[in-house]
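The residues making up each chain are set out below.
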Amino acid sequence: MHMKFDQFGLDQRIVDAIASAGYTVPTSIQQQAIPKVLEGRDVLGLAQTGTGKTAAFILPIIQRLIKGPQRRVRALVVAPTRELSEQIYQTSVALGKNTRMRCVTVYGGVNKKSQVSRLRKGVELVIACPGRLLDLVGDGAIDLWQTEVLVLDEADRMCDMGFIPDIRRIIKILPSKRQTLCFAATMPEDIRR
Ligand code: AMP
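Here is a short report on the structure shown in this document.

The rules behind each value
Here the residue numbering is sequential within each chain, running from 1 through the sequence in written order. Owing to the predicted nature of the model, reporting of local features is limited to residues with pLDDT of at least 70; listing and counting of side-chain atom pairs is limited to 80 or more, with chain, interface and lining totals taken over all residues. Side-chain numbers here rest on the full set of heavy atoms in the structure, without hydrogens or water. Burial status follows relative accessibility: with a 1.4 Å probe on protein chains alone, a residue under 20% of its type maximum counts as buried, one over 50% as exposed, and anything between as partly exposed. Labels follow the DSSP assignment, with helices taken as runs of H or I lasting at least four residues and strands as runs of E lasting at least two, numbered in each case from the N terminus. Here, any two strands with at least 2 DSSP bridges between them count as paired. Any Lys or Arg side-chain nitrogen found within 4 Å of a carboxyl oxygen on Asp or Glu counts as a salt bridge. Two residues qualify as a contact provided that any one of their heavy atoms is within 4.5 Å of a heavy atom in the partner residue. Any residue with a heavy atom positioned within 4 Å of a molecule or strand is treated as near that molecule or strand. We call two N or O atoms a polar contact when they sit within 3.5 Å, provided that within protein one can donate a hydrogen and the other can accept it, with sequence-adjacent residues counted only if both atoms are side-chain atoms. Per-residue and other accessible areas follow the Shrake-Rupley method at a 1.4 Å probe size, with only the shown protein chains counted as cover for residues. Under the scheme applied here, ten amino acids are nonpolar (Ala, Val, Leu, Ile, Met, Phe, Trp, Tyr, Cys and Pro), four are charged (Asp, Glu, Lys and Arg), and all others, including Gly, are polar. Only buried Ala, Val, Leu, Ile, Met, Phe, Trp, Tyr and Cys residues count toward a nonpolar core, and they belong to the same one when joined by side-chain atoms within 4.5 Å.

### Observations regarding the pairing of strand β2 (residues 75–78)
Where burial is concerned, the two faces of β2 agree: the one with A75 and V77 and the one with L76 and V78 are both buried. Relative to strand β4 (residues 125–128), β2 is paired through 4 bridges, and the arrangement is parallel. Bridging from a neighbouring strand, V77 pairs with I127 of β4. As judged from the 4 bridges shared by β2 and strand β5 (residues 149–152), these two strands associate in the parallel manner.

### Overview of the pattern of salt bridges
Under the counting rule described, the total for this entry stands at 12 salt bridges. The shortest N-O distance in the salt bridge between K112 and D135 comes to 3.4 Å. Separated by 23 residues along the polypeptide, K112 in the loop between β3 (103–106) and α5 (113–121) and D135 in helix α6 (residues 130–138) bring together distant segments of the chain. Between D135 and R132 there is a salt bridge, with the nearest N and O atoms lying 3.9 Å from each other. Taken as a pair, D135 and R132 lie in helix α6 at a separation of 3 residues, close to a single helical turn. Overall, R132 belongs to the buried group, its relative accessible area being 11%.

### Quick notes on the side chain of Q30
Of note, Q30 is situated in helix α2 (residues 28–38). Contact partners of Q30, with chain neighbours within four places excluded, come to F5, F8, V25, P35, G52, A55 and A56.

### Notes on the site of the ligand
Close to the ligand lie F5, Y23, V25, P26, T27, Q30, T49, G50, T51, G52, K53 and T54, which account for all nearby residues. Contact between the ligand and Y23: an oxygen atom at 2.9 Å from a side-chain N or O atom of the residue. If the ligand stood free it would expose 500 Å²; the protein chains cover 67% of that surface. By residue class, the composition of the shell around the ligand is 4 nonpolar, 7 polar and 1 charged.

### Here's the deal with the nonpolar core
Residues F57, L59, I61, I88, L125, V151 and L181 are the most contacted members of the largest nonpolar core, which totals 35 residues. Of all the secondary-structure elements, those providing two or more residues to this core are α1 (12–21), α2, α3 (53–66), β2, α4 (82–95), β4, β5 and β6 (179–184). Among residues more than four places away in sequence, those in contact with F57 are V77, I88, V151, D153, L181 and F183. Judged by nonpolar contacts, the second largest core, of 28 residues, contains A155, C159, M187 and I191.

Structure follows, in structure tokens:
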């Protein structure tokens, strides 16, 4: 069965950006996850890097962000490393290029200033590593109370890296009424929980 990107009901601006990114056929995780995420359901996805999992969650997020309030954090992606955060950011910028979506990456090891000033100008999507995110929350530099979607990317790796207490803290700050998407390459019992 040949599924195409224009069958998801995504906005034409997104479909155009997908074409400019050079994607023609949705990958397996994209075929399975995109319709469910668009419906607003929570999704637990088993997917390695290289399977197209980033677009699987970013495309429905961009679709959501086209409508509704701007310049407030409405989607939060939490990832274990800067490298992964940057990759997710690049994908978001490429796929969101025809929309007004604003995004920022938030991670440690670099000066807070540019992250804080970008947040102050207003963004809809934050892609963050747990430590710096909590740091900026503590500084009052980021409001997460209007977050509609939380993505935990490479959740198994975050678990291995000891980020579970941080993730718990982050989840406590978010509205309980939200969509949660969790992606992992392996699905041990603690991730499921
Ligand atoms: P990811 O698994 O999200 O790290 O994506 C792996 C790579 O596949 C990235 O370089 C994407 O640009 C690319 N990619 C994602 N979805 C597709 C698709 N449907 N067709 C072709 N390439 C894709």
